[in-house]
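Per-entry structural report
Here's the letter readout for the chains.
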Amino acid sequence: MTALIEARELTKKYGAHVALDRANFSVETGRIVGLIGPNGAGKTTALRAILGLTAYEGQLQVLGREPLRDRTLLMRDASFIADVAVLPAWLRVDHAIDFVAGVHPRFRRDRAAELLAKTQITGKRRMRELSKGMKTQVHLALTMAIDAKLLVLDEPTLGLDILARSAFYDALVNDYMDETRTILITTHQVEEVENLLTDVLFIDKGRIVLDSSLDDVAVRYAAVAVAADRVEAARAEKPFFERRMLGKVVLYFEQPNLEKLAGFGEVHTPSVADLFVAKLSGGAA
Amino acid sequence: MSTYNWLIRREFWENRAIWTIPAVLGGLMILVTLFGKVNRISIPLQLPSQTVGGGFLLAVGVTFFVVMAIYSTWYLLDCLYADRKDRSILFWKSMPISDTTTVISKLATALIVIPAVYFAAADVTSLLMAFILSVRASSYIGGALWHADVWLQLQVLWLYVIATSAVWYLPLAAYLLVVSAWAKRAVMLWSILPPIAAILVERWFFGSQLIANQLWDRTVGWLVLAFHTSPGAGWQTTVVDNEAIRTPASIWSFLDIAGFFSSLETWIGAAAGLALIAAAIQLRRRRSEM
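Worth saying up front: this structure is predicted, and the values here are computed from it rather than measured. Residue positions within a chain follow its written sequence, with the count starting from 1. Each chain gets a letter, beginning with A, and each ligand a number, beginning with 1, in the order they are written. Side-chain atom pairs in this predicted model are given and counted only at pLDDT of 80 or more, local residue features only at pLDDT of at least 70, and totals for whole chains, interfaces and linings cover all residues.

**Remarks on the overall build of chain B**
Using the following cut-off: Only runs of H or I of at least four residues qualify as helices and only runs of E of at least two qualify as strands under DSSP, and these elements are numbered from the N terminus. Partly exposed residues are those falling between the two cut-offs: more than 12 but fewer than 20 other C-beta atoms within 10 Å of their own, whereas 20 or more means buried and 12 or fewer means exposed, with C-beta atoms placed from the backbone. The contact criterion used is a C-beta to C-beta distance within 7 Å, with each C-beta placed from the backbone.
The number of helices and strands found in chain B is 13 helices and two strands. The principal-axis extent of the C-alpha atoms belonging to chain B is close to 65 × 45 × 35 Å. The buried share of chain B, reckoned over its 290 residues, is 32%. A separation of at least 24 residues holds for 81% of the contacts in chain B among residues at least 6 apart in sequence.

Pasting the structure below:
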């Protein structure tokens, strides 16, 4: 089967700066993929390319289309919040709904109204009168009311308080997500999305350093907290990263020999956030 | 079609000045007519009543269209720049609307929708002013403002003005769209600098001024081509204070329809306009942010 998003040698240069450096990755239907990387790693550039907002080199297919050339058609099946708070200051909430209902064939007005009814936001208000969090809620309501095959979210909950964030992710998983949809999400709050992701893409300096399902991560990576006096022995198993923690040393292994590791301490699957730190700090392991 | 409908509506939401400026202008003119010293207007009564009334209504309409030209210039410079500046382009581009459709909707707003608004505002203002003047200054202006044929001729004139200026100024409008889609800041400056630089370079290196002449022709050429600006057939002569004044007897002796539409200059300009529109669309496609 062909992937929903397929990138081969995807490259984007801004003058001398290489934002994406021959990145290869693919995203399958029905997955919730976290695109995770430090600031300036190329996350936003990758999303811009996927959404047809920027020219690029290399090959890129999204829903079987070339994003830059076919953006108009692509946007019937893909929706995105490319950044927070980009609804224009002069736009009224009810006008925003009217507009999207008027131009988007897959927009479900009742769904948007339902989502907005849960907030304190009334229709006659302009975006400039709303707080950052409220603006984000309007944008999320507009976007989630679109019956899209691919939803792209770039830092979707920036500016939302903890309650609104958790409500958003609950709605995303329970009401929005189903096996026909695919979500690609970037966020700095990795811990917050860790439980809903099915796949992770780690990106660093424009290159994909990990493209894996979380199931595979559990098989492929292991971490062991080792007492200080046994670290030397454990190092024989070639950890690719180690980190001191509360008098112990946590060692991270790829393709671990679980039986041997069990002798050094309790073996566990690293969290996405820990694995991210380990992969990026441990370098080219 | 419905997409264009929504895009035009969107322009009205964003740019309330599209209707507030003509509304305020009309309001001011009506206020002056209501409270000004209209009885002191001196009217060359020797002229035919049609010419007096027509001249007055023409002046009202021209005022509207001059203000419109200034506003439209600003609108065209701003329309593809504002949403890049506030980054709302990321929202607009998440809609299944092509960049071609977007750019055409802005151009149509500038060349058709805004002129239509000013046309309507000029008519409403003229009607109200004529009514007020008939009451307040009937002894002076009398029935001069109520010639049905003059009103009809003016409607034809405004439609002609809108149609021909849209064709003639297409390259200038499209150039402004290119700047608007391209500039990272200071659109006004960027719209003026390239032509000034081109003129100066030409002058220093070649000592000629072809570009300056071209630009000047494009600015005023419309008046010269679209209208009979010197007296000709169908013009009438009236003697006022021993001076012969020649005015068009009707709108038909004033409009040079054949001259305008058969001029090569008109169509070369339109072709350049289309090329610049294509450039603006390409820029819009590739420049999603500053």
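So, next bit.
**Description of the interface of chain A and chain B**
A common way to state how big an interface is: give the accessible area lost once the parts meet. Stated formally: Residues are grouped as follows: nonpolar covers Ala, Val, Leu, Ile, Met, Phe, Trp, Tyr, Cys and Pro; charged covers Asp, Glu, Lys and Arg; every other residue, Gly included, is treated as polar.
At the interface, 23 residues of chain A touch 20 residues of chain B. Of all the secondary structure elements, the ones that give two or more residues to the side of chain A that touches chain B are α2 (71-77), β5 (78-81) and α3 (93-103) of chain A. Here the side of chain A that touches chain B gets five residues from one element, more than from any other, and that element is α3(A). For the side of chain A that touches chain B, the class distribution of residues is 14 nonpolar, six polar and three charged.

**Describing the sheet that holds strand β1 (residues 5-14) of chain A**
Residues and elements named next belong to chain A. Under the convention used in this document: Whether two strands pair depends on DSSP finding at least two bridges between them. Each axis is a line fitted through C-alpha atoms, taken for helices only over the stretch in contact, and angles between the N-to-C directions span 0 to 180 degrees.
Taking strand neighbours across the sheet as the criterion, the three strands line up as β2-β1-β4 in an open arrangement whose pairing is antiparallel. Of all the strands in the sheet, the pair left with one neighbour each is β2 (17-27) and β4 (57-62). Each adjacent strand pair in this sheet contributes to an overall mean axis angle of 25 degrees, direction not counted. Here seven bridges tie β1 to β2, and the two strands are oriented antiparallel to one another. The residue bridging Y14 from the neighbouring strand is H17, located in β2.

**With respect to the domain arrangement of chain A**
Residues and elements named next belong to chain A. Where we set the bar: Where a domain begins and ends is set by an automatic assignment or by a domain database.
As far as domains go, chain A holds domain 1 (5-205) and domain 2 (216-282). One C-alpha centre belongs to domain 1, the other to domain 2, and the line joining them spans 34 Å. Each partner contributes residues to the interface: domain 1 has nine residues there, and domain 2 has seven residues. Within the residue set of the side of domain 1 that touches domain 2, elements represented by two or more residues are α7 (190-193) and β8 (199-204). Here the side of domain 1 that touches domain 2 is built from residues that sort into six nonpolar, no polar and three charged.

**A word on the environment of A:L35**
For A:L35, the location among the structural elements is in strand β3 (residues 32-36). Excluding its chain neighbours within four sequence positions, the residues that come into contact with A:L35 are A:K43, A:A46, A:L184, A:I185, A:T186, A:L201 and A:I203.

**Re the sheet that holds strand β12 (residues 248-254) of chain A**
Residues and elements named next belong to chain A. As summarised here, the arrangement of the four strands in space is β11-β12-β10-β13, forming an open sheet in which the pairing is antiparallel. Each end of this open sheet is capped by a strand with a single partner; those strands are β11 (241-245) and β13 (267-268). Against the sheet, helix α11 (residues 272-282) contacts β10 (221-227), β11 and β12, and its axis sits at roughly 125 degrees relative to β11.

**Looking at the packing of helix α2 (residues 17-35) of chain B against helix α3 (residues 49-79) of chain B**
All names here are of chain B. This is how it is decided: Here the angle decides the label: under 35 degrees means roughly parallel, over 145 means roughly antiparallel, 65 to 115 means roughly perpendicular, and every other value means oblique. Two helices crossing with the near one rotated counterclockwise from the far one by less than a right angle form a left-handed crossing, whereas a clockwise rotation gives a right-handed crossing.
For the pair α2 and α3, the least separation of the axes is 11 Å and the interaxial angle reads 150 degrees. Put simply, α2 runs roughly antiparallel to α3. In the packing of α2 onto α3, the handedness of the crossing is right-handed. Contacts between α2 and α3 involve A17, I21, P22, L25 and M29 from the first element and V60, F64, V67 and Y71 from the second. Tallied by class, residues from the contact of α2 with α3 come to nine nonpolar, no polar and no charged.

**With respect to the packing of helix α10 (residues 187-206) of chain B against helix α11 (residues 210-226) of chain B**
Residue and element names in this part refer to chain B. Relative to each other, α10 and α11 sit at 140 degrees, their axes nearing to 8 Å. It follows that α10 is oblique to α11 by the angle criterion. Contacts from P195, A198, I199 and E202 in α10 reach L210, I211, A212 and L215 in α11. Here the residues of the contact of α10 with α11 are counted per class, giving seven nonpolar, no polar and one charged.

**Looking at the confidence of the model for chain B**
Residue and element names in this part refer to chain B. Let me state the cut-off plainly: You can read pLDDT as the predictor saying how much it trusts each residue, on a scale of 0 to 100.
When pLDDT is averaged along chain B, the result is 91, and 96% of the positions lie at 70 or above. Mean pLDDT across the elements of chain B ranges from a minimum in helix α7 (residues 138-141), with 73, to a maximum in helix α9 (residues 170-182), with 97. With a pTM of 0.91, the predicted complex shows an ipTM of 0.90.

**A look at α3(A)**
Keep this limit in mind: By definition, the arc is the one covered by directions from the helix axis to the C-beta atoms.
Those residues of α3(A) that sit buried are A:V93, A:A96, A:I97, A:F99, A:V100 and A:V103. Along the long axis of α3(A), the arc covered by the buried residues comes to 165 degrees, so they all point the same way. Next to the buried residues of α3(A) lie α4 (109-117) and α5 (132-144) of chain A together with α1 (2-14) of chain B.

**Topic: unusual backbone geometry**
Residues other than glycine seldom take positive phi values, yet A:E9 does so here, at roughly 55 degrees. Looking at the element boundaries, A:E9 is found in strand β1.

**Considerations on the environment of B:A279**
All names here are of chain B. Secondary-structure assignment places A279 in helix α13 (residues 264-286). You can call A279 partly exposed: it has 16 C-beta atoms within 10 Å. Along the sequence, A279 and L177 sit 102 residues apart, while their C-alpha atoms lie 9.1 Å from each other.

**Thoughts on the pairing of strand β9 (residues 207-213) of chain A**
Residue and element names in this part refer to chain A. Of the pairings in the sheet, the one linking β8 to β9 comprises six bridges and is antiparallel in character. From the neighbouring strand, V200 faces β9, where its bridge partner is S212. The turn joining β8 and β9, which pair antiparallel and follow one another in sequence, is formed by two residues; a positive phi near 50 degrees is taken by K205.

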